[in-house]
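Topology and contacts: notes
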Amino acid sequence: MNEQSVTVIGLGPMGRAMVDTYLDHGYDVTVWNRTAARAEALVARGAVLAPTVEEALAANELIVLSLTDYDAVYAVLEPAAASLSGKVVANLSSDTPDRAREAAAWAAGHGAKHLTGGVQVPPPLIGKPGSATYYSGPKDAFDAHEAALKVLTDTDYRGADPGLAALYYQAQMTVFWTSMLGYHQALALGRANGVTAKELLPYATMQMAMMPHFLELYGERVDSGAHPGDVDRLAMGAASADHVLHTHEEAGVDTVLPAAVARIFRAGMDRGFAENSFSRLIEVLEKPAA
Ligand code: NDP
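A quick note: this is a predicted structure, and the numbers were derived from the prediction, not measured.

A few words now on the confidence of the model for the chain. Of all residues in the chain, 99% attain a pLDDT of 70 or more, and the chain-wide mean is 97. Across the interfaces of the predicted complex, the ipTM metric reaches 0.98, alongside a pTM of 0.92.

Residues annotated in UniProt with the feature "domain: NADPH-dependent reductive aminase-like C-terminal" (unreviewed entry) correspond here to residues 161-286. As a span, residues 161-286 carries 77% helix and 0% strand, and end to end its C-alpha atoms are 22 Å apart.

Looking now at the domain arrangement of the chain. As far as domains go, the chain holds domain 1 (5-159) and domain 2 (196-286). Averaged C-alpha coordinates put domain 1 and domain 2 at centres separated by 39 Å.

Counting buried positions along strand β7 (residues 132-136) yields four of five residues, so the element is predominantly enclosed. Looking at chain direction, strand β6 (residues 113-119) and β7 are connected through four bridges and run antiparallel. If you follow threonine 116 over to β7, its bridge partner there is serine 136. Summarising the sheet, β7 and strand β8 (residues 154-159) pair through five bridges and their orientation is parallel. Residue pairing across strands places tyrosine 135 opposite tyrosine 157, the latter belonging to β8.

Burial analysis of strand β1 (residues 5-9) places four of its five residues in the buried class, which makes it a mostly covered element. Note that the unit made of β1, helix α1 (residues 13-24) and strand β2 (residues 28-32) has a crossover that is right-handed. Sheet analysis places β1 next to strand β4 (residues 62-65), joined by three bridges and oriented parallel. Within β4, the residue paired with isoleucine 9 across the bridge is leucine 65.

Counting residues in each nonpolar core, the largest one holds 53 residues, and the members touching the most others are Met18, Val19, Val31, Leu65 and Ala90. A total of six residues in this core trace back to one element, the largest contributor, which is helix α7 (residues 163-192). Setting aside chain neighbours within four positions, we find valine 31 in contact with Val8, Leu11, Val19, Ala39, Leu42, Ala47, Leu49 and Ala50.

Two packed helices can be described by the angle between their axes and the distance between those axes. Viewed as axis vectors pointing N to C, helix α9 (residues 234-251) and helix α10 (residues 256-270) meet at an angle of 155 degrees, and their least axial separation amounts to 9 Å. One way to sum up the angle between α9 and α10 is to call them roughly antiparallel. The way α9 lies across α10 gives a crossing that is left-handed. Listed contacts from α10 to Leu234, Ala235, Gly237, Ala238, Ala241, Asp242, Val244, Leu245 and His248 of α9 are Pro258, Ala259, Val261, Ala262, Phe265, Arg266, Gly268 and Met269. The residue inventory of the contact of α9 with α10, partitioned by class, reads twelve nonpolar, three polar and two charged.

What counts and what doesn't
Residues numbered from 1 in each chain as written. Predicted model: local features only at pLDDT ≥ 70, side-chain atom pairs only at ≥ 80, totals over all residues. pLDDT = per-residue confidence, 0-100. UniProt positions renumbered as here; feature names shortened; annotations may be inferred. Helix = DSSP H or I, 4+ residues; strand = E, 2+ residues; numbered from the N terminus. Domains from an automatic or database assignment. Buried ≥ 20, exposed ≤ 12 C-beta atoms within 10 Å, placed from the backbone. Pairing = 2+ DSSP bridges. Right-handed = clockwise from strand over helix to strand, strands pointing away. Core = buried A, V, L, I, M, F, W, Y, C linked by C-beta atoms within 7 Å. Contact = placed C-beta atoms within 7 Å. Axes fitted to C-alpha atoms, helices over the stretch in contact; angles between N-to-C directions. Parallel < 35°, antiparallel > 145°, perpendicular 65-115°, else oblique. Left-handed = near helix turned anticlockwise from the far one by under 90°. Nonpolar A, V, L, I, M, F, W, Y, C, P; charged D, E, K, R; others polar.

This is the structure:
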């Protein structure tokens, strides 16, 4: 029997990329998906489609879950919970840290170990160098299965608390979605003025390329609690955020995002941070006004 053997439940774009990668590495792969037809191409490559969730669980100790969210996880596993005992569930479905902690306790109640995972890359990068996944949960279960998990992406073990992988993942997604929406907001502004995405691309790219410098500078200020107005004053930032907002108003595009940014700056000004660095806005974010 092949010692390299795994079950993958959930065959969306991510789960399918994972199964393909395991097959490329010579693994025996058992799969299950609510919509069985999504398994066809994988079965043609050698994956085994389990007829029931129970049989998918029975096939292996390591169970990789790639489902939309934890509601889907419970929808799939709850009816088959009696088959979970002795399993290690690497749950690579996205949701909140609290839901991950809850699921870990739920799995433990059924005799299974739950590893929370947060995949940092899109499906085409599964199995490719430079990709990584956050993991947290019982270290012994992680160590026992790290080699199999590393087939998918590099592993970044964050600690025993099952919520940690979800926390790092959601922090990363916070940066991703707000940056990407900021970019789309700039595109809307450009397009309203006859400037194409292609024309803006080098300038947006240049701005993004400068971001690591700002992340380090402001991150250090937040950690130390010192917010000198030596290179930037909040009063300057607040005026700039208003200019951004007014430019979007003039263009007739949606202003929800620039208005929210300007509102946060104003809250900092109202608290008397005008002469401090922008980084002091962390206090507004941490303790919003009632
Ligand atoms: P999808 O939402 O496209 O697919 C998810 C899978 O969940 C499908 O197999 C679907 O089954 C199943 N599913 C959803 N709801 C239920 C339910 N109620 N009962 C049973 N099965 C259900 O997600 P992806 O494959 O794109 O991603 C999987 C996870 O990976 C997500 O949590 C996502 O956030 C995360 N991720 C995704 C990335 C991406 O770029 N795609 C990047 C990084 C992380 P069915 O086929 O029957 O609909």
